[in-house]
Amino acid sequence: MKIIGISGWSGNGKTTLLERLIPSLMSKGYSVSTLKHAHHHFDIDKPGKDSFRHREAGATEVLISSSNRWALMHENRDGQEADMVSLIAQMTPVDILLVEGFKSENFPKIEVWREESDAPPLHLKDETVVAVATDSGTLKTDLPLLDLNDEDAVAEFIIQKFMTKA
């Protein structure tokens, strides 16, 4: 499973790129999953639902299933956030795992950067960035520049860099 990060500051378009990149990679025959890091308290459950009530009662894990999907919710009752390696181990292997977030982890990343964000590019201090997807024509870097608005070009870069056997 090839693990590739889509990294960048909030508001630069990581999720927008991912929602276009996933079908592009899949149309080229690759299976794709994602791992998203959230920096804040989040909940995929709804108060009053049975699964919510099970967690509130103290269950460490609640698995909810239907004919359309299943989801495993694990409560970090000890307050420790799971590390990226542990989370990946919970996932079914695919060809490409796209990771949004986990900026400080050591794995290859494509940075999403927009000039109007006024945030400094991450690749200036992060050696794990292998390319920059941007809509800026003024960014100066030795890294490959990818057109942020061309998901097929980003997909082709991923295939050439990570999926092609040397």
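Caption draft 1: Expanded view of the side chain of Ser-7. Examined against the element boundaries, Ser-7 turns out to sit in strand 1 (residues 2–7). On the basis of relative accessible area, Ser-7 is assigned to the buried category, the value being 1%. Residues contacting Ser-7, with those up to four places away along its chain left out, are Lys-14, Lys-103, Lys-109, Ile-110, Glu-111, Val-112 and Leu-122.

Caption draft 2: Structural detail: the pattern of salt bridges. Counted under the stated rule, the structure contains seven salt bridges. In this structure, the salt-bridge partner of Glu-151 is Arg-20, at a minimum N-O distance of 2.8 Å. Residue Glu-151 is found in helix 4 (residues 151–163), and its partner Arg-20 is found in helix 1 (residues 14–27); the two are separated by 131 residues along the sequence.

Caption draft 3: Just the packing of helix 1 against helix 4, in detail. One way to put it is that helix 1 packs onto helix 4 with a least axis distance of 9 Å and a crossing angle of 60°. The angle between the axes of helix 1 and helix 4 places the two elements in the oblique class. Here the hand of the crossing between helix 1 and helix 4 comes out right-handed. Together, Leu-17, Arg-20, Leu-21, Ser-24 and Leu-25 of helix 1 and Glu-151, Asp-152, Val-154, Ala-155, Ile-158 and Ile-159 of helix 4 make up the contact between the two elements. Partitioning the contact of helix 1 with helix 4 into residue classes produces seven nonpolar, one polar and three charged.

Caption draft 4: The sheet that holds strand 8 (residues 145–147), seen in detail. Pairing is parallel in the open sheet, where six strands are placed in the order 2-5-1-6-7-8. The open sheet has two free edges, formed respectively by strand 2 (32–36) and strand 8, since each of these has just one partner strand. Sheet twist, expressed as the mean angle between neighbouring strand axes with direction ignored, is 25°. When strand 1 meets strand 5 (residues 96–100), the two strands line up parallel, connected through five bridges. Of the residues in strand 5, the one forming a bridge with Ile-6 is Glu-100. Against the sheet, helix 1 makes contact with strand 1, strand 2, strand 5, strand 6 (109–113) and strand 7 (129–134), and its axis sits at roughly 175° relative to strand 5, the strand it touches most.

Caption draft 5: Representation of the side chain of Ser-51 in the model. You can see Ser-51 is positioned in helix 2 (residues 50–56). Relative accessible area serves as the criterion here: at 6%, Ser-51 is assigned to the buried category. Non-local contacts of Ser-51, meaning those with residues more than four positions away in its chain, are made with Asp-45, Val-62, Ile-64 and Met-73.

Caption draft 6: Seen up close, the nonpolar core. Residues Leu-21, Leu-25, Ile-96, Leu-98, Ile-110 and Ile-158 are the most contacted members of the largest nonpolar core, which totals 23 residues. For this core, the secondary-structure elements that each account for two or more residues are strand 1, helix 1, strand 5, strand 6, strand 7 and helix 4. Here this core gets six residues from one element, more than from any other, and that element is helix 4. When near neighbours in sequence (up to four residues on either side) are disregarded, Leu-25 contacts Tyr-30, Val-32, Ile-96, Leu-98, Ala-155, Ile-158 and Ile-159. The next biggest cluster of nonpolar side chains, apart from the first, holds seven residues, and it includes Leu-35, Met-84, Val-99 and Phe-102.

Caption draft 7: Spatial organisation of helix 4. Listed as buried for helix 4 are Val-154, Ala-155, Phe-157, Ile-158, Ile-159 and Phe-162. Next to the buried residues of helix 4 lie strand 1, helix 1, strand 5, strand 6, strand 7 and strand 8.

The rules we used
Residues numbered from 1 in each chain as written. Predicted model: local features only at pLDDT ≥ 70, side-chain atom pairs only at ≥ 80, totals over all residues. Heavy atoms only, no water. Helix = DSSP H or I, 4+ residues; strand = E, 2+ residues; numbered from the N terminus. Buried < 20%, exposed > 50% of the residue type's maximum accessible area, 1.4 Å probe, protein only. Contact = heavy atoms within 4.5 Å. Salt bridge = Lys/Arg side-chain N within 4 Å of Asp/Glu carboxyl O. Axes fitted to C-alpha atoms, helices over the stretch in contact; angles between N-to-C directions. Parallel < 35°, antiparallel > 145°, perpendicular 65-115°, else oblique. Left-handed = near helix turned anticlockwise from the far one by under 90°. Nonpolar A, V, L, I, M, F, W, Y, C, P; charged D, E, K, R; others polar. Pairing = 2+ DSSP bridges. Core = buried A, V, L, I, M, F, W, Y, C linked by side-chain atoms within 4.5 Å.

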